[in-house]
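Below, each chain spelled out in residue letters.
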There are 2 protein chains.
Amino acid sequence: MKRVTMQDVAKLAGVSKSTVSQYLNKRYDYMSEETKRRIENAISELGYQPNIVARSLKQKKTSTIGVIVANILHSFSTKVIRAIEDFCNDNDFHVIVCNADDDPVKEANYINMLRAKQVDGLIVFPTGGNLELYEMMIEQNFPLVFVDRIIDGLSVDTILLDNEKAAYLAVEHFVNCNHTRIGIITTSLSRKVTPRIERIEGYKKAMLHFGLPIVDEYIKGVDLDYIQNALNTMFSLKEPPTAILAGNDLVLMEILRYAKENSINIPNDLALIGVDDVPFAPIFTPALTTIAQPAFEMGEKAAQLLLDKIKNEHKEQARIHRFPPTLIVRETT
Amino acid sequence: MKRVTMQDVAKLAGVSKSTVSQYLNKRYDYMSEETKRRIENAISELGYQPNIVARSLKQKKTSTIGVIVANILHSFSTKVIRAIEDFCNDNDFHVIVCNADDDPVKEANYINMLRAKQVDGLIVFPTGGNLELYEMMIEQNFPLVFVDRIIDGLSVDTILLDNEKAAYLAVEHFVNCNHTRIGIITTSLSRKVTPRIERIEGYKKAMLHFGLPIVDEYIKGVDLDYIQNALNTMFSLKEPPTAILAGNDLVLMEILRYAKENSINIPNDLALIGVDDVPFAPIFTPALTTIAQPAFEMGEKAAQLLLDKIKNEHKEQARIHRFPPTLIVRETT
DNA sequence: CTGAAAGCGCTTACAG
DNA sequence: CTGAAAGCGCTTACAG
């Protein structure tokens, strides 16, 4: 499989490789029609394809960005990725996606690998476990955008849902449905992951706003594996909650599983709202009431910001970009 | 953001860049401890990271493979991708994933782009619309593995479900549940996509095997957008089917939607089996009976085969690798 | 309008 | 045990 190079094309066309290069880069300012035609023919005859690796080395840019998601199992991650890919395709950028699996060690490996591969910039859903690495990138002025999670003390453009608003919308809707014993369950709070913290915070504020008591037993932040336990505890209370807000799609599925296995009727025994509008929400029985994130817009904005930085067209101070959630009322409330 | 190069390390360590390169590639056969230490210190002091692009250019390999899926919306695709990524990670290969969106034009662009980026090999779920390109890769002996779909007349290792068996398992189970009016619905047959063709073929063989008549009205292969229509037609028959096999996960969701909107009780009015074990199958009400593909094993095998080809360790004749489906009985039958 | 030359940051065969 | 040199396949400033 002998690869054909620019040199081969130049020889066949009877010109120098500089000229072939000019042709490829569409700098025909002064190129004769004759030359163009000869090069074109040589290229198609040889089936020549430029070697992007060589070009990247010389140009010191790869037109490739990296995306590292903390956990690809969230439907939110996959939607954001799709939006980023679409935007990058439209702008002739390639994207390499990596899944850190909520593991800071994997995340660090991916960051190093992608930078070694000379990506022009990085969009990351940070695990939060690699402060020094994040700081190094910022210091080096390496194009970087965070999604979904705030890392305290770092000056990075960050794309976030208005999480407090999301929780507020859920509580408000529960209240409108005459619930007063409202709970919230989300995944582990030990690593201070922004959406979890903010959704609980928003939940508390909303409860106060509607004059409802904050009952600690109604608030859980535990690992996915312990959610069945947490639900058991919650439903053993003298006065269990009559409505629950699921902090994300994976928690929602755990709650649905618990309800199914314990014959808890939704919404009669328990009203339910999940953050993240999962694909099966409308066909589920009962159809799931959810809080949707504008994932597509968020992904697009992340890509937009990053490409602007790469092209040096983004001069503003790094800040947090908030996006509004939407309540989609179906049958679980 | 001045990048530090091997030259900088060499200077600081007081050696030549050849020696630094040897160090990096762990060829210490004859390297003095002293030299090693000096290089190590220089590297960490400067925060040096090798430029993989330069290495790739020189070595004429990138340790990167491309994966092009026909349609990433299928849960099967995402599972296979995960398996490929895991396998490649373990073998120090990187992977770039692209979604052709069932569009041969996009597929061609991705193939060309990935080859220009010098990937060492390609795993593709072929749309079937780029015969010349596939042929060119084979002719050039470019490492290539197909998944999910057979392209007639091409000699390529191909990873496939035993689709006829999958259909057989479903029909058999329906028969055991005393159904005789059994239908099958899948997405459009116009492009002769292997799993669709083979599943219908397997369905027909199974029907004959169990002495049941083959009723054309019970067999539909239409685009996703027309499935509601097809279902309407089917259920307007004097004798509509009492059991349906959904050809894939997306079709399954369309059928579930139809049933919900038309108050068709599953499984009482209609028994249902879907090919592909969707994540929400066990928590659905009723929990979904499915035919699972061993997606993880299939992805692993695809990656295994490809890496062997890349390393020139795969000398056998290209062939089709079949994997067995599994029936998972839940509540929809 | 086109070409010769230098250089991107590595690796590697070879010399010593 | 280590270094000088060539070369991977491009791009680009410059000369003519």
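All values derive from a computational prediction rather than experimental measurement. (Residues numbered from 1 in each chain as written. Chains lettered and ligands numbered in written order. Predicted model: local features only at pLDDT ≥ 70, side-chain atom pairs only at ≥ 80, totals over all residues. Heavy atoms only, no water.)

A.B. asks: So what exactly am I meant to see when it comes to the packing of helix α4 (residues 52-59) of chain A against helix α4 (residues 52-59) of chain B here?
C.D. replies: Two measures define how a pair of helices packs: the angle their axes make with one another and the distance between the axes. Close contact between α4 of chain A and α4 of chain B brings their axes to 9 Å; oriented N to C, the two are set at 135°. With respect to each other, α4 of chain A and α4 of chain B are oriented oblique. Here α4 of chain A and α4 of chain B pass one another in a crossing that is left-handed. Here V53, A54, S56 and L57 of chain A of α4 of chain A lie close against α4 of chain B, whose contacting residues are V53, A54, S56 and L57 of chain B. (Axes fitted to C-alpha atoms, helices over the stretch in contact; angles between N-to-C directions. Helix = DSSP H or I, 4+ residues; strand = E, 2+ residues; numbered from the N terminus. Parallel < 35°, antiparallel > 145°, perpendicular 65-115°, else oblique. Left-handed = near helix turned anticlockwise from the far one by under 90°. Contact = heavy atoms within 4.5 Å.)

A.B. asks: I tried to follow the domain arrangement of chain A on my own but got confused; where do I start?
C.D. replies: Where the parts come together, the accessible area they lose is often given as the size of the interface. Taken domain by domain, chain A comprises domain 1 (6-50), domain 2 (62-161 + 295-323) and domain 3 (163-293). Put simply, the middle of domain 1 of chain A and the middle of domain 3 of chain A, counted by C-alpha atoms, are 63 Å apart. (Domains from an automatic or database assignment.)

A.B. asks: Even after reading the chapter, I still don't get unusual backbone geometry, so can you show me in this structure?
C.D. replies: With the exception of glycine, the majority of residues adopt a negative phi angle, and the majority of peptide bonds are in the trans configuration. All names here are of chain A. I266 connects to P267 through a cis peptide bond whose omega is 5°. Within the fold, P267 resides in the loop between α11 (249-261) and β9 (271-275). Its identity is not glycine, yet D101 carries a phi of approximately 60°, on the positive side. Along the chain, the position of D101 falls in the loop between β2 (94-99) and α6 (104-116). For D101, a relative accessible area of 39% gives the class partly exposed. (Buried < 20%, exposed > 50% of the residue type's maximum accessible area, 1.4 Å probe, protein only.)

A.B. asks: Would you explain the relation of the copies chain B and chain A in this entry?
C.D. replies: These two copies of the chain differ by a rotation about an axis and a displacement along the same axis. Each copy of the sequence occupies a distinct position, and chain B is placed on chain A by a rotation of 180° and an axial shift of 0.0 Å, giving an RMSD of 0.1 Å. Overall, the copies show the geometry of a two-fold rotation axis. Of the residues that chain B buries at the interface, 100% are likewise interface residues in chain A, meaning the two copies contact each other through the same surface. (Least-squares fit on C-alpha atoms with pLDDT ≥ 70 in both.)

A.B. asks: Explain helix α11 (residues 249-261) of chain B here, please?
C.D. replies: Each α-helix turn comprises 3.6 residues. Residues three or four places apart therefore point the same way. Residues and elements named next belong to chain B. Over its 13 residues, α11 runs 18 Å from end to end, which matches the ideal 18 Å to within 8%, given 1.5 Å per residue. Lining the buried residues of α11 we find α5 (75-90), β6 (182-186), α10 (227-235), β8 (243-246) and β9 (271-275). One or two steps after α11, the chain reaches S263, where phi turns positive at roughly 50°. (Expected span 1.5 Å × (residues − 1).)

A.B. asks: Can you help me understand the interface of chain B and chain A in this one?
C.D. replies: Opposite the 45 residues of chain B that make contact, chain A presents 45 residues. Here chain B meets chain A over a buried area of about 3,800 Å², counting both sides, of which 59% is carbon and sulfur. A salt bridge links E331 of chain B to K260 of chain A; the nearest nitrogen and oxygen atoms lie 3.2 Å apart. The interface formed by chain B and chain A contains 16 residue pairs in polar contact (both at pLDDT 80 or more). For the side of chain B that touches chain A, the secondary structure elements donating two or more residues are α4, α5, β2 (94-99), α6 (104-116) and α11 of chain B. In terms of residue class, the side of chain B that touches chain A is built from 24 nonpolar, 13 polar and 8 charged. (Buried area = accessible area lost by both parts, 1.4 Å probe. Salt bridge = Lys/Arg side-chain N within 4 Å of Asp/Glu carboxyl O. Polar contact = N/O pair within 3.5 Å; in protein donor to acceptor, adjacent residues only side chain to side chain. Nonpolar A, V, L, I, M, F, W, Y, C, P; charged D, E, K, R; others polar.)

A.B. asks: Just to check I follow, could you spell out the environment of A287 of chain A for this structure?
C.D. replies: Counting through the fold element by element, A287 of chain A comes out in the loop between β9 and β10 (289-292). It is 12 Å that separates the C-alpha atoms of A287 of chain A and G274 of chain A, two residues lying 13 residues apart in sequence. Look past the residues within four positions of A287 of chain A in its chain and what remains in contact with it is A281, P282, R330, E331 and T332 of chain A together with K260 of chain B.

A.B. asks: Quick question: what am I supposed to make of the protein's contact with DNA strand C here?
C.D. replies: The local shell around DNA strand C holds 25 residues, among which S18, Y30 and T35 of chain A together with S21 and R27 of chain B are the closest. A breakdown of the atoms of DNA strand C within 4 Å of the protein gives sugar and phosphate a share of 67%. Between S18 of chain A and DNA strand C, the recorded distance is 2.6 Å, taken from a side-chain N or O atom to a base nitrogen. The side chain of Y48 of chain B places a nitrogen or oxygen atom 2.9 Å from a phosphate oxygen of DNA strand C. Where the surface near DNA strand C is concerned, the elements lending two or more residues are α2 (17-24) and α4 of chain A together with α2 (17-24) and α4 of chain B. Its residues assigned to classes, the surface near DNA strand C comprises 8 nonpolar, 11 polar and 6 charged. (Near = heavy atom within 4 Å.)

A.B. asks: Which parts of the structure should I look at to understand the packing of aromatic side chains?
C.D. replies: Two aromatic rings are characterised by how far apart their centres lie and by the angle between their planes. Applying the stated criterion to the full structure yields 12 aromatic pairs over all chains. Residues F235 of chain B and Y258 of chain B carry aromatic rings whose centres are separated by 5.8 Å and whose planes lie at 20° to one another, so their mutual orientation is stacked. One end of the pair, F235 of chain B, is in helix α10; the other, Y258 of chain B, is in helix α11, with 23 residues separating them in the sequence. Here F280 of chain B and F284 of chain B contribute two aromatic rings whose centre-to-centre distance is 5.6 Å and whose plane-to-plane angle is 45°, an arrangement assigned as tilted. A cation over an aromatic ring shows up here: R115 of chain A above the ring of F142 of chain A, its NZ or CZ 4.1 Å from the ring centre. (Phe/Tyr/Trp six-rings, centres within 6.5 Å; stacked < 30°, edge-to-face > 60°. Lys NZ or Arg CZ within 6 Å of the ring centre and 35° of its normal.)

A.B. asks: Sorry, what's going on with helix α7 (residues 131-139) of chain A here?
C.D. replies: All names here are of chain A. By the burial criterion, the buried members of α7 are L133, Y134 and M137. Angularly, the buried residues of α7 cover 100° about the axis, an arc narrow enough to put them on a single face. Backbone geometry just after α7 places N141 at a positive phi near 65°. (Arc of directions from axis to C-beta.)

A.B. asks: How should the side chain of H74 of chain A be read in this particular structure?
C.D. replies: As for its placement among the helices and strands, H74 of chain A is situated in the loop between β1 (64-69) and α5 (75-90). If we ignore the near neighbours within four places in the chain, the residues touching H74 of chain A are N248, D249 and L250 of chain A.

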